Amino acid sequence: MTSKNSCIEPENEGNLTDATRRDFLKQSTLLTAIALTPAPLVKAAENGWDEKIADVYEKVPVNIEVNGVKHQLSVEPRATLLDLLREQLDLTGTKKGCDYGQCGACTVHVDGHRVNSCLTLGVMVNGKKITTIEGLAKGDQLHPMQESFLKHDGFQCGYCTPGQIMSAVACIREGHANSATEIREYMSGNICRCGAYPNIISAIQEVKEGGQEV
Amino acid sequence: MKQFQYVHPSTQQSVLDAINKPGTKIIAGGTNLVDLMKRGVTAPDKLVDINRLPLKGITATKTGLHIGALALNSVVSEDNLVVEKQPLLSMALKSGASPQLRNMATVGGNMMQRTRCTYFYDITMPCNKREPGSGCGALEGFNRMHAIFGASPQCIAVHPSDMCVGLAALDAVVVIAGRKGERRIPFTGFHRLAEDHPETDNHLAKDELIIGVEIPDNNFAKHSYYLKVRDRQSYAFALVSVAAALDIDNGTIRQARLAMGGVAHKPWRLFDAEKALIGKPVSEESFKQAAQIAMQGAKAYQYNAFKLKLAPASITEALKHASGLV
Ligand SMILES: Cc1cc2nc3c(=O)[nH]c(=O)nc-3n(C[C@H](O)[C@H](O)[C@H](O)COP(=O)(O)OP(=O)(O)OC[C@H]3O[C@@H](n4cnc5c(N)ncnc54)[C@H](O)[C@@H]3O)c2cc1C
Ligand code: FES
Ligand code: FES
């Protein structure tokens, strides 16, 4: 989101009338402002509050099982499951797209259910089982959904793919993959900027129709 | 995100004790709160995770359905009792957010979610809801998503929920626990208009907890429809949405319930239009008349005038679907 918004340049500004210039500014400030660091954080950093605060707010012990491996972690309450997976456990397969629940790139399974890990606090999954894209394959044998995405070219740049695949597996398990229309609706939480949607749907349909265990 | 303390009490009493202190906030699914905390829109010192409370149940009572505040949006939308007795609620829920988000979002959290007004979200912009007295950025700004009913010169934001539009139409009741015991308020009286206090979205006191909602049994199951109009077909907030429920006897409307989303600071119940439908035949003509009545008092801003046409067309369309005309 940040990079997309900061790309907006007022290159045609010279041609704008006053009224349209105002409208343009209204919209572009709105967009660019989202990319700015929140003022309270900047202020906190300037005053060195972060270190002082860290003494007061203790880390919390969190026990989780990720892809079958148990972990005993100590996490800050503000750390999201996404950051915990990527930064503490080096499981970088799960992607950070928007960090605000809007794209689905961070989709993982918690106790078998798909969720957005960017809006899940790590402390809130204590005692739960998490599956990420790294946990789908059995050794060298890819999961049928991974195979199918390869076969159907279900991606271009690949950034959204881990989230798409985690969501696709859940979509079939939930019983929401009975038609292309239903798949489209139940995969709508995963955005693909490359627009690989038709191939993603074919990939899911093949797995569903193949009747393999997912 | 600012640092905060985290507690997860196991009893309702300890939750009520904890939230009584300033700077404290409840967290349920986290899908709205964590988002707002990341952006610095809200910065609590302490989060009280209520997920250990036994508030997930969906049960049939003598008079209706009781749904616990921690029931997940995905679970409620697919629950057999809900689908059978209150399909309108199921439809409204399924049209909201994404499957992943619905797997996290709770009934209580959905009711308490804040507006999606971009000026509210952007802490560099004025917003009376976020920072009372700072002004309303949307009033003269980019107000395409904003209210056409009951807006205040201080705030023209809309309540973003779909579920709440369904519950408002279905005469639901909110069950609230406080330190002095339980109280119940009608769903239509839970959220409030912005008036002079846009910072306050609803009538829940700071030291109260939503424990559930009750939906009285009705005769609307056969003729219900939730229509949501948005910029893309799925995974987007409503420009306008309509919850329509009819009780039809031999082609004549016996009772009607109508509510709209995306048009006001609260789920907008259309009482006058409902009354006008009673005794009328099921026909496009009756529906258009009701839609016209519903639009009385609507007022648009620079960029949302399209809603003045979209809203009545949506009401008519939703009623056609509910009645089986289409
Ligand atoms: C990208 C995106 C798209 C979305 N699209 C839609 C949409 O189309 N339609 C729609 O309706 N919604 C949509 N949502 C919003 C979503 O439905 C809400 O975020 C969700 O319902 C909030 O529930 P939660 O349990 O996660 O709440 P939380 O984030 O945990 O809490 C939200 C607020 O409720 C309070 N709270 C929670 N439970 C209680 C309780 N029991 N008693 C008192 N206070 C409580 C919290 O203190 C907090 O202030 C979308 C969200 C995102 C991120
Ligand atoms: S990173 Fe985009 S939804 Fe989580
Ligand atoms: S493959 Fe590039 S975003 Fe989906």
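As shown above, the structure is provided for reference.
The rules behind each value
Residues numbered from 1 in each chain as written. Chains lettered and ligands numbered in written order. Predicted model: local features only at pLDDT ≥ 70, side-chain atom pairs only at ≥ 80, totals over all residues. Heavy atoms only, no water. Helix = DSSP H or I, 4+ residues; strand = E, 2+ residues; numbered from the N terminus. Expected span 1.5 Å × (residues − 1). Buried < 20%, exposed > 50% of the residue type's maximum accessible area, 1.4 Å probe, protein only. Contact = heavy atoms within 4.5 Å. Buried area = accessible area lost by both parts, 1.4 Å probe. Salt bridge = Lys/Arg side-chain N within 4 Å of Asp/Glu carboxyl O. Polar contact = N/O pair within 3.5 Å; in protein donor to acceptor, adjacent residues only side chain to side chain. Nonpolar A, V, L, I, M, F, W, Y, C, P; charged D, E, K, R; others polar. Phe/Tyr/Trp six-rings, centres within 6.5 Å; stacked < 30°, edge-to-face > 60°. Axes fitted to C-alpha atoms, helices over the stretch in contact; angles between N-to-C directions. Parallel < 35°, antiparallel > 145°, perpendicular 65-115°, else oblique. Left-handed = near helix turned anticlockwise from the far one by under 90°. 1 Å grid on protein atoms, 1.4 Å probe; cavity = no way out; pocket = protein on both sides within 12 Å on 5 of 7 lines; lining within 4 Å. Points joined across faces, edges and corners; volume = space filled by probe spheres on them. Near = heavy atom within 4 Å. Areas by Shrake-Rupley, 256 points an atom, 1.4 Å probe, with all protein chains shown as cover.

Asker: Quick question: what am I supposed to make of helix H12 (residues 307-323) of chain B here?
Answerer: One turn of the α-helix equals 3.6 residues, which is why residues spaced by three or four share an orientation. Residue and element names in this part refer to chain B. The end-to-end C-alpha separation of H12 is 24 Å, in line with the 24 Å expected for 17 residues at 1.5 Å each. Every buried residue of H12 is accounted for by Lys307, Ala311, Pro312, Ser314, Ile315, Thr316, Ala318, Leu319, Lys320, Ala322 and Ser323. Positive backbone phi, approximately 90 degrees, marks glycine 324, located one or two places after H12.

Asker: Teacher, can you tell me more about the interface of chain A and chain B here?
Answerer: Many structure descriptions define interface size as the accessible area lost when the parts assemble. Each side of the interface is counted separately: chain A has 46 residues, and chain B has 42 residues. Together chain A and chain B conceal approximately 3,800 Å² of surface at their shared face, both sides included; 58% is due to carbon and sulfur atoms. Our enumeration of links across chain A and chain B arrives at 1 salt bridge. Ionic pairing is found between aspartate 99 of chain A and lysine 38 of chain B, a salt bridge with its closest N-O pair at 2.8 Å. Counting across the chain A and chain B interface gives 16 residue pairs in polar contact (both at pLDDT 80 or more). Counting residues per element, the ones that place at least two in the side of chain A that touches chain B are helix H2 (18-34), helix H3 (39-46), helix H4 (49-56), strand E4 (113-116) and helix H8 (180-186) of chain A. No other element matches the 7 residues that H2 of chain A contributes to the side of chain A that touches chain B. Across the side of chain A that touches chain B, the residue classes tally to 23 nonpolar, 15 polar and 8 charged.

Asker: Would you explain the packing of aromatic side chains in this entry?
Answerer: Residues and elements named next belong to chain B. Summed over the entire model, instances satisfying the criterion amount to 4 aromatic pairs over all chains. Here phenylalanine 120 and tyrosine 121 contribute two aromatic rings whose centre-to-centre distance is 6.0 Å and whose plane-to-plane angle is 75 degrees, an arrangement assigned as edge-to-face. What makes phenylalanine 120 buried here is its relative accessible area of 1%. Note on tyrosine 121: relative accessible area 12%, which makes it buried. Each ring, one from phenylalanine 149 and one from tryptophan 268, has its centre 5.2 Å from the other, and the planes form 15 degrees; the classification is stacked. Of this pair, phenylalanine 149 sits in the loop between helix H8 (118-121) and helix H9 (163-169) while tryptophan 268 sits in strand E12 (residues 268-269), and the two are 119 residues apart along the sequence.

Asker: I tried to follow the packing of helix H7 (residues 161-173) of chain A against helix H9 (residues 197-210) of chain A on my own but got confused; where do I start?
Answerer: What describes two packed helices is the angle between their axes and the distance between those same axes. Residue and element names in this part refer to chain A. Across the interface, H7 lies against H9 with an axial gap of 11 Å and an inter-helix angle of 40 degrees. In this view, H7 runs oblique relative to H9, as classed from their interaxial angle. The way H7 lies across H9 gives a crossing that is right-handed. In this structure, H7 contributes Gln164, Ala168 and Ile172 to the contact, and H9 contributes Ile200, Ile204, Val207 and Lys208. Split into classes, the residues belonging to the contact of H7 with H9 amount to 5 nonpolar, 1 polar and 1 charged.

Asker: How should the layout of surface pockets be read in this particular structure?
Answerer: Think of a ball as big as a water molecule: rolled over the atoms, this probe shows where empty space is left. In this model, the second largest pocket occupies a volume close to 860 Å³. What lines the second largest pocket is a set of 36 residues, and nearest its centre among them are Val115 and Lys128 of chain A together with Leu72, Asn103 and Met104 of chain B. Going through the elements one at a time, strand E1 (60-66) and E4 of chain A together with helix H3 (73-78) and helix H6 (99-102) of chain B are the ones with two or more residues in the lining of the second largest pocket. Ranked by residues supplied to the lining of the second largest pocket, first place goes to H3 of chain B with 4 residues. By residue class, the composition of the lining of the second largest pocket is 16 nonpolar, 11 polar and 9 charged.

Asker: What am I meant to see in the site of ligand 1 here?
Answerer: Around ligand 1 there are 36 residues in total, and Ile26, Gly30, Thr31, Thr106 and Asp162 of chain B lie nearest to it. Flanking ligand 1 are residues from chains A and B. Within the backbone of alanine 97 of chain B, an N or O atom sits 3.0 Å from an oxygen atom of ligand 1. With respect to ligand 1, the backbone of alanine 236 of chain B contributes an N or O atom lying 3.5 Å from an oxygen atom. With the chains in place, 96% of the 980 Å² that ligand 1 exposes on its own is no longer accessible. Where the shell around ligand 1 is concerned, the elements lending two or more residues are strand E2 (24-27), helix H7 (107-112) and strand E8 (209-216) of chain B.

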